Amino acid sequence: MNTEILGVILMYAAVLVLAIPLGRYIGKIFNYENTWLDKTFNPLDKLFFKLSGIDPAKEMNWKQHLVALLTTNAFWFVISLFVLTNMSWLPLNPDGNPSMSWDLAFNTSVSFVSNTNLQHYSGETGLSYAGQLILMLWQFISAATGIAICAVIFNAMKAGTTEKLGNFYSYFVRTCTRILLPIAFIGAVVLVFNGTPMTFEGKDTITTLEGVEQNISRGPAAAFVPIKQLGTNGGGFYGPNSTNPMENPNYLTNILETVFIFIIPIALVFALGYVLKRRKLALMIYGVMTAGFLCLVVPSIYYEMNGNPAITEMGIAQDMGSMEGKEVRFGSAASAYWAINTTCTSNGSVNAMHDSMTPLTGMFAMLGMMINSFYGGVGVGFINFYVFIILAVFIGGLMVGRTPEFLGKKVEAKEVKIAMIIALLHPLMILGGTALASFLYAGNPEAYAGWLNNPGYHGFGEFLYEFCSASANNGSGFEGLGDNTPFWNVATGLVMLLGRYLPIIGPVAIAGMLASKKYIPESAGTLKTDTSTFGVLVFAVIAIVAALAFFPALTLGPLAEYFSLY
Amino acid sequence: MNAERNQRLFSSNFIREALVASVIKLHPGKMARNPVMFSVEIGTGIMVVVTVASLITADQSLGAPGYNGWITGLLMLTLLFSNFAEALAEARGKAQAAALRKTRTDTLARRIEKTGRHTMVSASELDRGDLFLVEEGELIPADGEIVEGLASIDESAITGESAPVIREADSDRNSVIGGTRLLSDRILVKVTSQPGESFLDKMIALVEGADRKKTPNELALTILLAGFTIVFLLVAVALQPFAAFSGATLPVASLIALFVCLIPTTIGGLLSAIGIAGMDRALGANIIAKSGKAVETAGDVDVLLLDKTGTITIGNRKATRFYPSAGKDLSEFSRLAAISSLADHTPEGKSILELARQNGASGEDPDWPDPEFVPFSAETRMSGVNLPDGTRIRKGAWDAIGDWCRRDSLKAENPELETWVRDIAAKGGTPLALAVDNRPVGVIQLEDIIKPGIRERFDRFRKMGLKTVMVTGDNPLTAAFIAAEAGVDDFIAEARPEDKLGYIKKEQQAGKLVAMMGDGTNDAPALAQADIGIAMNSGTQAAKEAANMVDLDNDPTKLLEVVEIGKQLLITRGNITTFSIANDVAKYFAIVPALFTISVPGLKALDIMHLGSPESAILSAVIFNALIIPLLIPLALSGVKYRPVGASVLLTRNLLVYGLGGIAVPFAGIKLIDLVVKQFI
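Residues numbered from 1 in each chain as written. Chains lettered and ligands numbered in written order. Predicted model: local features only at pLDDT ≥ 70, side-chain atom pairs only at ≥ 80, totals over all residues. Heavy atoms only, no water.

Q: Any chance you could explain the overall build of chain B here in plain terms?
A: From N to C terminus, chain B includes 25 helices and 22 strands. With the C-alpha coordinates aligned to their principal axes, the bounding extent of chain B is approximately 110 × 60 × 40 Å. Taken over 681 residues, chain B has a buried fraction of 58%. When contacts within chain B are restricted to residue pairs at least 6 apart in sequence, long-range pairs at least 24 apart make up 69% of them. When the accessible area of chain B is evaluated, it comes to approximately 26,700 Å², of which 58% is carbon and sulfur surface. Where the 69 positive side-chain charges of chain B centre and where its 79 negative ones centre are 5 Å apart. (Helix = DSSP H or I, 4+ residues; strand = E, 2+ residues; numbered from the N terminus. Buried < 20%, exposed > 50% of the residue type's maximum accessible area, 1.4 Å probe, protein only. Contact = heavy atoms within 4.5 Å. Areas by Shrake-Rupley, 256 points an atom, 1.4 Å probe, with all protein chains shown as cover. Lys, Arg positive; Asp, Glu negative; His and termini not counted. Charge placed at Lys NZ, Arg CZ, Asp CG, Glu CD.)

Next up, the structure:
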């Protein structure tokens, strides 16, 4: 078999082999069962709680959880703003990089608090090491926020009637110390041995083969990159992200970084099975997510490996596939695979330029973000999927002649209302934002000429991609878009904030309200949610609610481009 | 009777009535109840303006006037079809209710005034609490309770059952319905409902729509559909700037056509018709539901409490054998049995008398004149007579008699009785002990006959996930035997009313929904506690007040039908929703390429149906969207057939039929319509 494809299969297999035990381990952590890291981390956890004066044993209801989540995030948001606007005089600035302006600092902070990591700066010149470290801290915080709130929803899905859903701070700290830190540490060690810089010294100067002097940016990159991948953050240490050889030196590190994108989102699904003791339910969810992922990744790899017909027409052989915007050390298959990985999860790191991919790969990347729950971001991917389950349960329940129930709780008007609002939000922001941009541009193409290098279908695709990326908290971009303007900063900033917090608040509210309802034991008349039939229904709901709404937009972007190219 | 009634439902009368109503229902105030169809109405309004504007101005961007006119007309048709479905369901319900109500409107009532005299008034003037007198051969003017007298009544006008029924004051069968005819005797009746507030009036209001509240599931579904409507509104609205960016121009008509085709008009248009049809079906089964919610909840029931007698076994137990104890011979025992049952009008009592007569005892005993009858009471669970000479004869369940006699002496003196009791019970019979002056004298064997086919019926319910519980006054041994024979899942033996209540509460605490049927006043607490309580129409007013449905036929197996009607209601809604949403796939493929093939010729490739032209593609999709509503009216009104299989099998089947079918049908339908439409463009 083609070694490139073999490499892709290997990467997926590695994720699966690691995610199953990791899921079990995460389940144990959520269940407060003993794990082998307790000895090391129990004292550390205790120290945190002692210093902060938080009682980790105090159980919270769903509203208190949301308050805790929002206050934690707000607190660190302010600190991040302070550091980014005062980097120039703060320590750890060997290259003498300037402070950020207030608006850029705001945009950057929003982008990192929302786990989006859309970057309107280049790390090499725009940040000091203190700035890099505060953003790295955010990569832990936003990831742990998503995972901790996901744990709250798992807790709410348990049998029985309760308002008490554990302690947010406790889930948060346990996620950081027992899941993110240890795995990120392993990743960092591997990266260091493969040549990724890990230093607090400033730029290095080398003389190239041409005899020119060149400054090479360095910094604590090896520590930064693993959490960037692991926490579905995606914000690179360097501007070009993981296409940069310092950030992603070789095929081995590429495997590691690709595996890190998927490992926690998939492990969380297995963790759900462990926490609820419902392995079949976890398998159903994993099955639907995987089926969706395969629908996107298989054609993407196919189109990237088969080259660009416009280049073929010029008489140029494309044995390696479409290599425009790709790194030779990774090849077209691994690049396409990464592209779909990074857009299906809300990661957004890149190892190739998405703007240069063939039209349909671009479309599948966008679909990954439009659906945003085929694995999805850490924690939040499952939370998005949860909304689709609620909608499918409702329709399916009616189809079998019973008031819909999910895991023994009746799904009624209130839950349907919230689920529908959340399901609406994503199309609203993406289509609304793109419509606004199109309207402005179509009304006055000269004034907005700076936005697009490629007018036409691809330009439209760039608008669409940008709003998908912001709303899905992805952070990658069709980089042809000139997005460092007030319009794009403000619009994407707002979309990122709404796209982060509302889809957390809604499902937590649903789960909290369901948890406090009367528990109804299953009978033969109950719609079973752990069957493949129900999985088909969920898939259909996702396809119709999340994907079909975007069909006309995709038609005018990548599909129009495809049909005019092929 | 029901078949005949249903046959009339699609008659031209209804259709004419519904056609008129469907135009009246276009009133925006009425449409606003239904967000999906209301948005279609707004779209139609916009299209009227656009059509007029395109006629009087030469503005090309508004589209061709003819095309605009067609779209406007089709949208109007969509609205009318949806209204027609609702109006037809209402007309059916009204007709059924009116048939029930017809008889009593013109009846005269003989009202008893405070002075004691009676005056003739119209039935509609009777208030709650009024007393009226009914004589043989007259129509009963209003619902009420018999205060004095016993009578046989012909209830066929209401129930369709021709055999007369007996109603009697101070019994559990003291209630009469307005519109029924008194066949014998005379009765004094107290009115139990305000004019216009009888169960029937409430039910009519439910069907007529004025009072119709959305049921919880209907409300949730409306929210879901409103959500879809907003999504597709967004899709359509955003398309205009998208098109502007690509240099395409989209006429308003095409955008509105896209919007109307994508929003779930099929289910939106049929939703209220389905709800009303559910009520109609209940009414068709001679069940009066007090709310739509009750019918819907019936589909969710987990536990059915079924009275053994009449539901599981045919009619009543019969006495089949006497077992006199040592020292009594059969004729003496028969004498005692006969006299104890003389005034016992229960079927069991009558059958004992019958068996005694076969053994030569008449019951009219010259030795014992003027016996004083002791009626059965729920507390003592015995009945019998006190004779003038002080002799007391009692019959009742073995343990009730045991309580009456001295328990310790019972076993010692009558070892054979104990054996007989156990043997009879083990064979599914009911032992009835007879005792004289606190001393047992023998056992009467009563036997039950289980209804044919009931076992299969319970198997079906088990597959649906319902638990059936038999409620019986029998002792546990007998109950267990019959329960096993009939295939029920559980039983409550020696049941007293409080046992039923306790059982219901226990199941409800475990999260189950419980349905039961009852008639007596002592059933009222349990009927009120149950999630679905069905009172027999012959039952007491208290029972009827406590229940949320009343069964006009007094048929205990009706509980099973009610559950099916409830499930059918939900399934019909769910499946048409799925069908409606699945239709969008084909509509996208018809309309989206049509919108852009001119500005982006490459997109012709997406036109996988190869439709005639952009205009005919859009028109065909809109025509399909409109026509599918009337095509599905029969399904909406008669309901999707419910099959008693497990939820998973049902889901798979319905997903295949309504999900896959919902994807495939419009592809074929739009293509066919296009073949016709393109001839005219």
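Now that the structure is up, let's keep going.
Q: How should I be thinking about the overall build of chain A in this particular structure?
A: In terms of helices and strands, chain A carries 19 helices and four strands. Relative to its length of 566 residues, chain A is compact, with a C-alpha radius of gyration of 23 Å against a globular reference of 24 Å. Summarising the internal contacts of chain A: among those between residues at least 6 apart in sequence, 77% fall at separations of at least 24. With the model as given, the accessible surface of chain A reaches about 19,400 Å², and the carbon-plus-sulfur share is 67%. Looking at charge distribution, chain A has the averaged site of its 29 positive side-chain charges lying 22 Å from that of its 33 negative ones. (Rg over C-alpha atoms; globule rule 2.2 N^0.38 Å.)

Q: When you look at helix α9 (residues 251-276) of chain A in this model, what are you seeing that I'm missing?
A: It helps to recall that an α-helix has 3.6 residues per turn; residues three or four apart then point in one direction. All names here are of chain A. Here α9 is 26 residues long and its end C-alpha atoms lie 38 Å apart, about the 38 Å a rise of 1.5 Å per residue gives. The largest bend in α9 amounts to roughly 35 degrees and is located at Ile 263, with the proline Pro 265 lying one to four residues further along. Across the 26 residues that make up α9, a large majority, 24, are buried. The backbone nitrogen of Leu 252 has a side-chain oxygen 3.1 Å away, supplied by the residue at the start of α9, namely Asn 250. Lys 277 lies just past α9 and shows a positive phi near 60 degrees. (Expected span 1.5 Å × (residues − 1). Bend = angle between axes of the 7 residues up to and from the residue. Polar contact = N/O pair within 3.5 Å; in protein donor to acceptor, adjacent residues only side chain to side chain.)

Q: Honestly, the sheet that holds strand β16 (residues 430-436) of chain B in this entry has me stumped. Any pointers?
A: Paired through backbone hydrogen bonds, the strands of a sheet run either parallel or antiparallel to each other. All names here are of chain B. Taking strand neighbours across the sheet as the criterion, the six strands line up as β12-β17-β16-β15-β14-β13 in an open arrangement whose pairing is antiparallel. At either end of the open sheet lies a strand with only one pairing partner, and these are β12 (318-324) and β13 (372-374). Recorded for the sheet is a direction-independent mean angle of 20 degrees between the axes of neighbouring strands. Bridge count for β13 against strand β14 (residues 382-386) is three bridges, and the pairing is antiparallel. Along β14, the bridge assignment pairs Val 374 with Gly 384. Lying on the sheet, helix α17 (residues 415-426) is in contact with β12, β16 and β17 (439-447); it crosses β17 at an angle near 15 degrees. (Pairing = 2+ DSSP bridges. Axes fitted to C-alpha atoms, helices over the stretch in contact; angles between N-to-C directions.)

Q: Is there a simple way to explain a nonpolar patch on the surface in this structure?
A: A cluster of nonpolar side chains, Leu 672, Leu 675, Val 676, Phe 680 and Ile 681 of chain B, forms an exposed patch at the surface whose accessible area comes to about 540 Å². Along the chain, Leu 672 of chain B turns up in helix α25 (residues 647-677). (Patch = residues over 30% accessible without salt bridge, like charges linked within 9 Å, V, L, I, M, F, W, Y side chains within 5 Å. Salt bridge = Lys/Arg side-chain N within 4 Å of Asp/Glu carboxyl O.)

Q: What exactly am I supposed to notice about the interface of chain B and chain A here?
A: Interfaces are frequently sized by the accessible area removed from exposure as the parts join. If you look at the interface, chain B gives 60 residues, while chain A gives 59 residues. Between chain B and chain A, roughly 5,000 Å² of surface is buried when both sides are summed, and carbon and sulfur atoms account for 79% of that area. On the chain B side of the contact with chain A, Phe 242, Phe 245 and Leu 651 of chain B bury the most area, a combined 16% of that side's loss. Linking chain B to chain A there are one salt bridge. In this structure, Arg 402 of chain A and Asp 302 of chain B form a salt bridge, with 3.0 Å as the shortest nitrogen-oxygen distance. Connecting chain B to chain A are eight residue pairs in polar contact (both at pLDDT 80 or more). Mapped onto the side of chain B that touches chain A, the elements with two or more residues apiece are α8 (216-246), α18 (454-463), α23 (558-596) and α25 of chain B. No other element matches α8 of chain B, which puts 20 residues into the side of chain B that touches chain A. In terms of residue class, the side of chain B that touches chain A is made up of 38 nonpolar, 16 polar and six charged. (Buried area = accessible area lost by both parts, 1.4 Å probe. Nonpolar A, V, L, I, M, F, W, Y, C, P; charged D, E, K, R; others polar.)

Q: What is the right way to look at the packing of aromatic side chains in this model?
A: Within a pair of aromatic rings, the relevant descriptors are the distance that separates the centres and the angle that separates the planes. Residue and element names in this part refer to chain A. Under the counting rule described, the total for this entry stands at 47 aromatic pairs over all chains. With a centroid separation of 6.1 Å and 45 degrees between ring planes, the pair formed by Tyr 32 and Tyr 171 is classed as tilted. Here Tyr 32, found in the loop between α1 (3-30) and α2 (38-52), pairs with Tyr 171, found in helix α7 (residues 168-193); they are 139 residues apart in sequence, far enough to count as distant. Accessibility expressed as a relative area gives 4% for Tyr 171, which makes it buried. (Phe/Tyr/Trp six-rings, centres within 6.5 Å; stacked < 30°, edge-to-face > 60°.)

Q: Help me out: how do you make sense of the sheet that holds strand β2 (residues 118-122) of chain B in this one?
A: All names here are of chain B. Taken in spatial order, the six strands line up as β2-β1-β3-β9-β4-β7 in an open sheet, and their pairing is antiparallel. The outermost strands of the open sheet, each flanked by one partner alone, are β2 and β7 (175-176). The sheet contact formed by strand β4 (residues 144-148) and β7 spans two bridges and is antiparallel. When the bridges of β7 are listed, Glu 145 appears paired with Ser 175.

Q: Honestly, the confidence of the model for chain B in this entry has me stumped. Any pointers?
A: When pLDDT drops low, the exact placement of atoms in the prediction is not to be read closely. All names here are of chain B. Across chain B, the average pLDDT comes to 83, with 90% of residues at or above 70. Of the regions scoring below 50 in pLDDT, residues 1-7 engages in 11 contacts with residues more than four places distant in sequence or in other chains. Interface confidence in the predicted complex, given as ipTM, is 0.92; pTM for the same model is 0.85. (pLDDT = per-residue confidence, 0-100.)

Q: How should I be thinking about the pairing of β2 of chain B in this particular structure?
A: As a general feature of sheets, a regular strand has side chains that alternate between the two faces. All names here are of chain B. Across five bridges, strand β1 (residues 108-112) lies against β2 in antiparallel orientation. The residue of β2 that forms the bridge with Ala 109 is Val 121. Linking β1 to β2, which pair antiparallel, is a turn of five residues; within it Gly 116 sits at a positive phi near 95 degrees.

Q: What's the story with helix α4 (residues 35-56) of chain B in this structure? I'm lost.
A: Here α4 of chain B is 22 residues long and its end C-alpha atoms lie 32 Å apart, about the 32 Å a rise of 1.5 Å per residue gives. Within the span of α4 of chain B, buried status applies to Val 36, Met 37, Ser 39, Val 40, Glu 41, Gly 43, Thr 44, Met 47, Val 50, Thr 51 and Ser 54 of chain B.

Q: Got a minute to help me understand the packing of α4 of chain B against helix α9 (residues 252-262) of chain B in this structure?
A: The description of two helices packed together rests on the angle between their axes and the distance between the axes. All names here are of chain B. One way to put it is that α4 packs onto α9 with a least axis distance of 10 Å and a crossing angle of 165 degrees. Here α4 lies roughly antiparallel to α9, going by the angle between them. Both α4 and α9 take part in a crossing whose hand is left-handed. From α4, Ser 39, Val 40, Gly 43, Ile 46, Met 47 and Val 50 reach across to α9, where they touch Val 252, Ala 253, Ile 256, Phe 259 and Val 260. Residue composition of the contact of α4 with α9, grouped by class: nine nonpolar, two polar and no charged. (Parallel < 35°, antiparallel > 145°, perpendicular 65-115°, else oblique. Left-handed = near helix turned anticlockwise from the far one by under 90°.)

Q: Where do I start with the pattern of salt bridges in this structure?
A: Side chains that carry opposite charge are capable of pairing whenever their charged atoms lie near each other. Summed over the entire model, instances satisfying the criterion amount to 30 salt bridges over all chains. One salt bridge in this structure joins Glu 135 of chain B and Arg 186 of chain B, with 3.4 Å as the shortest N-O distance. Of this pair, Glu 135 of chain B sits in the loop between β3 (131-134) and β4 while Arg 186 of chain B sits in the loop between β8 (181-182) and β9 (187-191), and the two are 51 residues apart along the sequence. For Glu 135 of chain B, a relative accessible area of 26% translates into the label partly exposed. Look at the salt bridges and you will find they share partners, linking Asp 38, Asp 45 and Arg 178 of chain A into a network.

Q: What exactly am I supposed to notice about the state of the cysteines here?
A: Disulfide: a covalent bond connecting the sulfur atoms of a pair of cysteines. Residue and element names in this part refer to chain A. Scanning the entire structure with this criterion turns up zero disulfides over all chains. Of all cysteine sulfurs, the one in Cys 150 lies closest to Cys 176, which takes part in no disulfide; the gap is 15 Å. With a relative accessible area of 15%, Cys 176 lands in the buried category. (Disulfide = S-S within 2.5 Å.)

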